[in-house]
Amino acid sequence: MFELLGIPPQALFGQLLLGLINGSFYALLSLGLAVIFGLLNIINFTHGAQYMMGAFVAWMLLHYLGIGYWWALVIVPVAVGLTGIVLERLMISRLYHLDHLYGLLLTFGLALIIQGLFRNQYGISGEAYSIPSQLVGAQNLGFMFLPNYRLWVIAVSAAVCLGTWFVIEKTRLGAYLRAATENPVLVGAFGINVPRLVTLTYGFGVGLAALAGVLAAPIYSVNPNMGADLIIVVFAVVVIGGMGSILGAIVTGFGLGLIEGLTRVFYPEGSAVVIFVIMAIVLLVKPAGLFGRTA
Amino acid sequence: MPETADTARAAATAADGAPLLAVSGLTGWYGESHVLHGMEFDVREGEVVTLLGRNGAGKTTTLKAIMGILAQRKGAIVYEGQELIKLPARAIARLGIAYCPEERGIFASLSVEENLMLPPRVRPGGLSLEQIYALFPNLEERRASQGTKLSGGEQQMLAIGRILRTGAKLLLLDEPTEGLAPVIVQQIGHTIKRLKQQGFTIVLVEQNFRFAASVADRHYVVEQGKVIDTIPNDDIEANIEKLHAYLGV
Ligand SMILES: Nc1ncnc2c1ncn2[C@@H]1O[C@H](COP(=O)(O)OP(=O)(O)O)[C@@H](O)[C@H]1O
Ligand SMILES: [Mg+2]
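Below you will find a few notes about this structure.

### Focus on the sheet that holds strand β7 (residues 170-174) of chain B
Residue and element names in this part refer to chain B.
Then comes step 1: As summarised here, the arrangement of the six strands in space is β6-β7-β8-β3-β9-β10, forming an open sheet in which the pairing is mixed. Each having just a single partner strand, β6 (97-100) and β10 (226-232) make up the two edges of the open sheet. Strand-to-strand, the axes of this sheet are offset by a mean angle of 20°, without reference to chain direction.
Then comes step 2: In this sheet, strand β9 (residues 218-223) lies alongside strand β3 (residues 48-52) in parallel orientation, the contact comprising four bridges. What sits directly across from Leu 52, in β9, is Val 221.
Then comes step 3: Running over the sheet, helix α2 (residues 59-67) touches β3, β6, β7, β8 (201-206) and β9 and is turned about 150° from β7.
Then comes step 4: On top of the sheet, helix α8 (residues 182-197) reaches β3, β7 and β8; it is set at about 155° to β8, its chief contact.

### Quick word on the site of ligand 1
All names here are of chain B.
Then comes step 1: Neighbouring residues of ligand 1: Tyr 30, Val 35, Arg 54, Asn 55, Gly 56, Ala 57, Gly 58, Lys 59, Thr 60 and Thr 61.
Then comes step 2: Residue Gly 58 places a main-chain N or O atom 2.9 Å away from an oxygen atom belonging to ligand 1.
Then comes step 3: Take Thr 60: an N or O atom from its side chain is 2.7 Å from an oxygen atom of ligand 1.
Then comes step 4: Protein coverage of the free-state accessible area of ligand 1, which is 560 Å², stands at 60%.
Then comes step 5: Top element by residues in the shell around ligand 1 is α2. It accounts for three residues.
Then comes step 6: Taken together, the residues of the shell around ligand 1 break down into three nonpolar, five polar and two charged.

What counts, and where the lines are drawn
Residues numbered from 1 in each chain as written. Chains lettered and ligands numbered in written order. Predicted model: local features only at pLDDT ≥ 70, side-chain atom pairs only at ≥ 80, totals over all residues. Heavy atoms only, no water. Pairing = 2+ DSSP bridges. Helix = DSSP H or I, 4+ residues; strand = E, 2+ residues; numbered from the N terminus. Axes fitted to C-alpha atoms, helices over the stretch in contact; angles between N-to-C directions. Contact = heavy atoms within 4.5 Å. Near = heavy atom within 4 Å. Polar contact = N/O pair within 3.5 Å; in protein donor to acceptor, adjacent residues only side chain to side chain. Areas by Shrake-Rupley, 256 points an atom, 1.4 Å probe, with all protein chains shown as cover. Nonpolar A, V, L, I, M, F, W, Y, C, P; charged D, E, K, R; others polar.

Below is the structure:
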């Protein structure tokens, strides 16, 4: 059995895997934030709460209706995305003519309300959600065990991130989105319904958060604070990648997950803060973020 | 909506079959500042008319009002017999009016071809991509480039080419020759004449009246948000002194 710098390979690969898992969630969540910020110019502070809603709605579907994981994977992003569409139509859309700050305050307030409602109803102890039977078990790679469900999470996240990137960068719908991000007035003057594009984009970003929530349900305990804890790190990821950059969100999400994992191996004390240290350095050196366009 | 005398008159002229676009009593504001003070002009089908006037006269604002992107506007803008003043920009575009802004509005995050393909078809009868490339061969060579990497002249061709696909019948062109080299100005002049031959109706904003005289049927002189004179292109030589005075050249 070989060793690397005195670290047993099980520990190294184990932490790298954990890093990739965390990175999968960072990427999915920061991607949603980036898509929303790009078009709406709003920092969606409700994102963590919407991720938590995703996990909870999956749990509720199972608990109250007996609908399992595979259906939840489809139903939950659509259902939570629809609540996002209602929020955008009823409240967020009224703030577009105001400063960024108002959107931030509104979505932050909404996050507190949503988390409070769930805490009231379900407490903070958390609910269990088991791994679907098809994905129980692990692959023996010789040097480590790779749990099937974790492999699945990484694969789904990577596929959804790539698909989103493809749609935005390579399709006609994506061209509308990019153009409306740059100059919504002119895009409207071409006959495109920009307000509807904005609403659907918000719904899509929220749907991504909810999908992350469903994926997380069998790994972490489903509890009202799960989003609040994670979202702080995700905001740091978004700042590092560059506000509004799609590719930046994806690459930075996975990359920082890995860096965090490596830090846990080589300097465990630093693992909780490494992302924030990187954020501070990036802000000093390249304030627009690694992939951000400087205007 | 109570029908004003202006609305009624404009609607009546449109119903006669005469003008494609009739603007009357058009007023417009940016916040508190009153910019358009009762614009009156009309455009018949197949015509090229210009709005001539000094910087700040309100020409761009007039086009924005027609297109529905000037938030505060009042009066009557009748197109094919339909009142536009209350419609949102996207509905106006869908009726077959297309806008080429003064700043050109090329999207940096879109390639040349994506820029060309962006405006949706609103009516049948627009040019095909091949026809647009035949009109502007430079664009075809650079179809995969980032839109804003083109030269100023190429960006202007892109901005014009982009609205020819849509099937729009009325084109609003805001100073398409501004800041361009003479040979490119000439090419744009040829293009406008060809578009006229193909049946497009064009409202052209210009400060260069030599250029305007080479392509237009009629000129409206705009000053302080009003049309103060109308000069048929055939009479332009006789009115040259007056025009110099209007434009301050
Ligand atoms: N966005 C704006 N906000 C406030 N005032 C404006 C704006 N755009 C133009 N104006 C003012 O409106 C007047 C008319 O401008 P404009 O229509 O652009 O003139 P032109 O196109 O004839 O040069 C000018 O006095 C200009 O300063
Ligand atoms: Mg102007």
